[in-house]
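Summary of the model geometry
Each chain, letter by letter, is given below.
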Amino acid sequence: MESIQSLCDLVETRTVQFDSISAMSNLKVACFTLVVLFGSSSWMGTNSVWMQLPLLTSSLPEGWSLPSYLAMVVQIACIGPLVYGLLHKCCCSLSSAALILAALLMAVSCQSGLAVFWSYTAGGYSVLLYAFMFGYVGARIRACGLLGTSVMSDGSVY
């Protein structure tokens, strides 16, 4: 009788462990899905500007030189993760959650600025368009990079 009870306890323990593994697997899938959605949405703002290039080139003083300038701005903005890595290595430890939130707020601010001030020029150049595009791309890349380094490398999630 005692052996049957111990066998039942063993089966119950294995079932609890299996349920926790299943729950962890569901958590991994949900986290992975959210990270993929977040990462894929990071370029929607940039692509929306590229989609509007025919309208922008007819309205802005750069004309068809605008795509070259924007490509350069986007490439320069990609230096954000390098800057973060150097700051993290050389300076004190930075809070990932606070930096992700700051990057997202900056991205929202820059996207709003793009929507409102895209047509303002200074000295024959669309300086605000470049500045907001730089800020938006840089913020989104930093947010995605921070999310990847803080969530995906954490052993408790994966």
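To keep things clear, this report deals only with the structure shown in the data block.

Basis of the calculations
- Residues numbered from 1 in each chain as written.
- Predicted model: local features only at pLDDT ≥ 70, side-chain atom pairs only at ≥ 80, totals over all residues.
- Heavy atoms only, no water.
- Helix = DSSP H or I, 4+ residues; strand = E, 2+ residues; numbered from the N terminus.
- Buried < 20%, exposed > 50% of the residue type's maximum accessible area, 1.4 Å probe, protein only.
- Contact = heavy atoms within 4.5 Å.
- Areas by Shrake-Rupley, 256 points an atom, 1.4 Å probe, with all protein chains shown as cover.
- Arc of directions from axis to C-beta.
- Polar contact = N/O pair within 3.5 Å; in protein donor to acceptor, adjacent residues only side chain to side chain.
- Phe/Tyr/Trp six-rings, centres within 6.5 Å; stacked < 30°, edge-to-face > 60°.
- Axes fitted to C-alpha atoms, helices over the stretch in contact; angles between N-to-C directions.
- Parallel < 35°, antiparallel > 145°, perpendicular 65-115°, else oblique.
- Nonpolar A, V, L, I, M, F, W, Y, C, P; charged D, E, K, R; others polar.

1. Notes on the overall build of the protein chain
Scanning the protein chain for helices and strands turns up 7 helices and 0 strands. The helix and strand sequence of the protein chain, counted from the amino end, reads α-α-α-α-α-α-α. A buried classification covers 28% of the 158 residues belonging to the protein chain. A separation of at least 24 residues holds for 73% of the contacts in the protein chain among residues at least 6 apart in sequence. A total accessible area of about 10000 Å² is found for the protein chain, and carbon and sulfur atoms account for 71% of it.

2. Let's talk about helix H2 (residues 44–51)
For H2, every residue scored as buried is listed here: Gly45, Thr46 and Val49. Seen end-on, H2 carries its buried residues on one side only, within an arc spanning 105°. Exposed and oriented more than 90 degrees from the buried face of H2 are Met44 and Met51.

3. With respect to the side chain of Glu62
Within the secondary structure, Glu62 sits in the loop between helix H3 (53–59) and helix H4 (66–77). Residue classification places Glu62 among the buried positions, given a relative accessible area of 9%. A distance of 2.7 Å separates a polar atom in the side chain of Glu62 from a polar atom in the side chain of Tyr130. Setting aside chain neighbours within four positions, we find Glu62 in contact with Tyr69, Gly124, Tyr125, Ser126 and Tyr130.

4. So, the packing of aromatic side chains
For the structure on display, the rule yields 4 aromatic pairs. Relative to Tyr125, the ring of Tyr69 lies with its centre 6.0 Å away and its plane at 85°, an arrangement referred to as edge-to-face. With Tyr69 in helix H4 and Tyr125 in the loop between helix H6 (96–117) and helix H7 (127–152), the pair connects residues that are 56 residues apart, well separated along the chain. The class of Tyr69 is partly exposed, set by a relative accessible area of 28%.

5. Here's the deal with the packing of H2 against H4
Where H2 meets H4, the closest approach of the two axes is 11 Å, and the angle between their N-to-C directions is 170°. Considering their axes alone, H2 and H4 lie roughly antiparallel with respect to each other. Contact residues: Thr46, Val49 and Trp50 in H2; Pro67, Leu70, Ala71 and Val74 in H4. Of the residues in the contact of H2 with H4, the class split is 6 nonpolar, 1 polar and no charged.

6. Things to note about the environment of Gly80
Assignment of secondary structure puts Gly80 in helix H5 (residues 80–90). For Gly80, a relative accessible area of 4% gives the class buried. Placed 57 residues apart in sequence, Gly80 and Val137 show a C-alpha to C-alpha distance of 9.0 Å.

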